[in-house]
Every structure is written in structure tokens, then in C-alpha cells.
Amino acid sequence: MKTYHIITIGCQMNKSDSERMASLLEKQGYKKTDKKYQSDLVVVNTCGIRQMAEDRIYGLIPAIKKANKKAKIILTGCLVNRKDVKNRLKKYVDVWKPINEITKIPLAPFIKGGKCPNDYLKIEPKYESKFSAYVPIGNGCNNFCSYCVVPYARGREVCRPAKEILAEVKKLVKNDYKEIVLIAQNVNSYKSQIPPNPPLSRGDIDFADLLKMVDEIKGDFWIRFITSHPKDMSDKLIKVIAGSKKICHHIHLPIQAGDDKILALMNRKYTVAHYKSLIKKIRKAIPDASITTDIIVGFPSETKKQSNNTAKLMKETKFDLAYVVRYSPRPGTASFKLIDNVSLSEKKVRENKLTKILSSTALANNKKYLGKIVKVLVEGENKRDELFGSTETAKIVKISTGDFNQRLPRSPGSSPGLKALPRNDSLVGRFVDVKIIKAKDFGLEGKLVKKKLLV
Ligand code: SAM
Ligand code: SF4
């Protein structure tokens, strides 16, 4: 049996795409291996968002081909259309395919499941996790933010029919998945038809409607979604989140910069005032919402004063988390033509300044959890036998389990009286209640509330 190995670099969308790629390969008779240097087929799912992500493949791909001359290498993801990348790696890569064309990769005939669908989103994924699943609601982007490669790498926005999304979620919930993460580059521009018998016209339902329909699916699970674009976030969506039972109170709303001139240069199509008004509405409707963001420091021509405007906005907004990154010029994008005139050292200064503000607002927000009992989805266990997981507000929690730490016999009946106590790892993928006893800037610590677990 031939083997495959997938290397995924980048965002949730790339991770989700790799799950579809894995499923496609397995249907064609390939078997997964962890050994990239011995695999018959190596898929590299690339990210071109920043130079750092791009650079990873220049060492990796030649090293794989050198160690394993017979391996076939498929390159997909954000860098697949870049001519300069192609020239640099052409002697190592066997197949170049954009992600939405992976169903056309010439491999063995499609074995299980009959005909290979033309639309790659129709491939049933091989989910990495047994309890949390990414569910793409579309692919591509129409926004053309001046710094961003996504519209070039993934093409124009295509929305997945609501009927397909709902079917995927229902199946996941039936299989006891606890976390559904709806993903798209801009969830707020989602458009589809009403299931189950769509009328002929497009655009009957928007993201708020879709979210409401997912919320109405019966079962014990919660719903997350990323990423929201501030220009398209509607009052209707805020209302749906506030009134829902299962939608997590976490909103990732990238601001990118806190200065109107820089936002215009970035082609973001909103102002700081608009962003602030959204935050105000969210906080009013969902008082416990955690709000996170993305910020780019050192965009071409950004002055100290303009960066200070971002600092001011961060102090006012009191983010729970922010991905503060240095601007990275990307070939092919509009801003690539601008001079990258903020020095690396100045970018680092701005990055550090914003990270310090973030650290203090995040700590202040996290202190509000002290003494509270919160619902946590357990995601794993560390080497010290502690569990970790996330709250619905996307706070990472380290959980001490006290006497639950004991390695208890698993098989029922082997130790009467103890069998009711679950072992730590049997709690992975389950919701538990945790009492928060410590707050840090980027995490919480708590104790497992045990009584609920005794059956
Ligand atoms: N669609 C999302 C939005 O509009 O906010 C973001 C998707 S993008 C793949 C993820 C993040 O990468 C962006 O929010 C931005 O902060 C960052 N990013 C994208 N291009 C970048 C660049 N050229 N330099 C630095 N950061 C970049
Ligand atoms: Fe890139 Fe802007 Fe589209 Fe986000 S909205 S993927 S930043 S072009």
C-alpha cells in the first residue's frame, strides 16, 4: 500500500483543506504515515500570508526530495500560483495544484465512494480531531485588502450551499462532536439559499441566518466562527449570537490598524469609528463576549503617530487577545508596490508596545473569571497529568484534576466503586465545569468541579 504524508502550514482554512486532501488520498488507496522522509507521496499545503511562512518550504521541500528521491511531492495552498516560487522549486515538486483543483490530481483512479466530485468542498473530510471540527462555509475572498495574498491564492469568494453545511454539522453532532467551527475568510459575506428546497434565486440567506440554523440543530455542542470582517458585520448577526443557546461568546474581529489613513491604504473599507461602534453594540448585546483581533504593525508609510492611534484603540477596546504581526510585503498584492519604509527595528518597537497593552487588557479581562465556575471543552492532557481546554470565550484553561489524576482502571467492573470516576484522558473531548483559581494574561487556571462527573 502506498503511503502519504501531509505538511500543513498556515491557518484553519489550510488545516481544513488538508483534512479533505487526506480523505481524497485514502479513497485512492493511500495510507497515512508520520514519516515524511519515507512516504511515497508528500503533500505540502503552503501559506503565503507572510514571508516567514513562505520561507519554511524552501528548506523543507529540497530536504524531503534529497532524503527520499522516489517521493512524489504535491504543492498546494497559497503559494501554488506564484511564478517565482515555481521557478525556485520546480526541480523538487512533481504536481502543482490550487486547493480547489485537488480533485483533478492525476493519481490512482478514485476507488471508494465512486466518482470524485468536481467541487473539492464536497469531499467528506478525514477530521483530525474526534470532538472539534472545522466546517468551511466557503472559500476565497473578494475583498482585496492591499497587503493580502488570499484573493490571488484562493480566488474569488465561493459560498458553500447551506444545505451541505447543515448536513455536515448534523453528521458531526450525531458522531458526538462537541465543537463546530464555521470557517471562511469573511464569514459575514456568506450568501446561500434556503434549505432543503432552494428556490432559484441566490442570496436568500446570510451568515446570521445560517448561524441560527446551525444553532437550532439538536445536540450537546457549541459553535464558533471565524473570521468576521468589520465592514460586513451586521446588527442581525450580533442579535443572533446574543439570543442563541450554542454560539460561543467569542468574536474575532480583525481591526488591522487603528488609524483611518492606514485603514484606507489597506483597503479595509471601514473606519475606526465604525469599528468602535461595532464593539459598543457587541458589548451591549453580549456583555461577557471576548473580543480578539489581528493587527499589522509597520504598514508602508505608517508613522509613529498613526501607530499610537492603534495603541489608543487597543487601550479603549480592551482586547482579550490580538495577533500582532509585522507587515510583510507580498509579491502580487497592491501594497507590494509601496515602499516598505518602516524599518524592522521600528516594527519590533511597535509590536512590543502593542503586545504590552494587550497583555494588560487581557490580564484585567481574565481576572473577572476568578472564583467563577465555567464550562470548558477539554482538549488534551499535558505531561504533568493536567488537562487543558477552552472556555466558550476562547480562554485557554489549565485544569488540575486532584484525585482524578490517578490512573483508574478503565474496564467496568475491574474495580467496583471506582468505575464511575473517569480517567483524565476519557475527559478529553468532553465538557466539564472548572472553578477558576488563577488568571494570567493569556490563560486561566482552575480546578475540576467533580460532582458533575460522577455518574
Ligand atoms: N480574512 C481575515 C480578515 O479579513 O481579517 C484575515 C485572514 S488573513 C489570512 C490572517 C491575518 O494575517 C490578517 O488578519 C492579517 O493580520 C495577517 N496578514 C495578512 N497579510 C499580511 C501581510 N502581508 N503582512 C502581515 N500580516 C498579514
Ligand atoms: Fe485577506 Fe482581506 Fe480577504 Fe481577509 S478580507 S482574506 S485580509 S483580502
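Coordinates for the structure precede this section.
Draft legend 1. Broad picture of the pairing of strand S15 (residues 321–326). Pairing between strand S14 (residues 290–297) and S15: six bridges, direction parallel. Paired with Val297 across the strands is Arg326, a residue of S15. The β-α-β motif built from S14, the intervening helix H10 (residues 304–317) and the parallel element S15 has right-handed crossover chirality.

Draft legend 2. Local environment of the site of ligand 2. Within the structure, ligand 2 sits among Cys141, Asn143, Phe144, Cys145, Tyr147, Cys148, Val150, Pro151, Gln185, His229 and Arg268. Class assignment of the residues belonging to the shell around ligand 2 gives a composition of seven nonpolar, three polar and one charged.

Draft legend 3. Region of the structure containing the site of ligand 1. Taken together, the neighbourhood of ligand 1 is formed by 17 residues, with Gln185, Gln256, Arg268, Asp294 and Ser328 sitting nearest. Within the backbone of Gln185, one N or O atom sits 2.7 Å away from a nitrogen atom of ligand 1. Gln256 is positioned with one of its side-chain polar atoms (N or O) 2.7 Å from an oxygen atom of ligand 1. For ligand 1, the accessible surface in isolation is 570 Å², of which the surrounding protein chains cover 89%. For the shell around ligand 1, the secondary structure elements donating two or more residues are S14 and S15. Of the residues that constitute the shell around ligand 1, the class distribution is seven nonpolar, five polar and five charged.

Draft legend 4. Fine view of the packing of aromatic side chains. Within the structure shown, the criterion is met by seven aromatic pairs. Judged by centre distance (5.2 Å) and plane angle (65°), the ring pair of Phe299 and Tyr327 falls under edge-to-face. Separated by 28 residues along the polypeptide, Phe299 in the loop between S14 and H10 and Tyr327 in the loop between S15 and helix H11 (344–367) bring together distant segments of the chain. What makes Phe299 buried here is its relative accessible area of 0%. On the basis of relative accessibility, which here comes to 5%, the residue Tyr327 falls in the buried class. Through a chain of ring-to-ring contacts, three or more aromatic side chains come together here, namely Tyr270, Tyr275 and Phe319. Note that Arg88 overlies the ring of Tyr58, its terminal NZ or CZ placed 3.6 Å from the centroid. Positioned above the aromatic ring of Phe431, the side-chain terminus of Lys375 is 4.2 Å from the ring centre.

Draft legend 5. A look at the sheet that holds strand S9 (residues 179–183). One open sheet holds the three strands; their spatial order is S6-S9-S12, and the pairing between them is parallel. One side of each edge strand has no neighbouring strand; the edge strands of this open sheet are strand S6 (132–136) and strand S12 (222–226). Adjacent strand axes in the sheet meet at a mean angle of 25° when their direction is disregarded. With five bridges joining them, S9 and S12 adopt parallel strand pairing. Paired with Val181 across the two strands is Arg224, which belongs to S12. Sheet strands in contact with helix H5 (residues 162–174) are S6 and S9, and its direction is about 170° off that of S6. The strands touched by helix H6 (residues 207–215) within the sheet are S9 and S12, with S12 carrying the most contacts at an inclination of about 160°.

Criteria and cut-off values
- Residues numbered from 1 in each chain as written.
- Chains lettered and ligands numbered in written order.
- Predicted model: local features only at pLDDT ≥ 70, side-chain atom pairs only at ≥ 80, totals over all residues.
- Heavy atoms only, no water.
- Pairing = 2+ DSSP bridges.
- Helix = DSSP H or I, 4+ residues; strand = E, 2+ residues; numbered from the N terminus.
- Right-handed = clockwise from strand over helix to strand, strands pointing away.
- Near = heavy atom within 4 Å.
- Nonpolar A, V, L, I, M, F, W, Y, C, P; charged D, E, K, R; others polar.
- Polar contact = N/O pair within 3.5 Å; in protein donor to acceptor, adjacent residues only side chain to side chain.
- Areas by Shrake-Rupley, 256 points an atom, 1.4 Å probe, with all protein chains shown as cover.
- Phe/Tyr/Trp six-rings, centres within 6.5 Å; stacked < 30°, edge-to-face > 60°.
- Buried < 20%, exposed > 50% of the residue type's maximum accessible area, 1.4 Å probe, protein only.
- Lys NZ or Arg CZ within 6 Å of the ring centre and 35° of its normal.
- Axes fitted to C-alpha atoms, helices over the stretch in contact; angles between N-to-C directions.
- Contact = heavy atoms within 4.5 Å.

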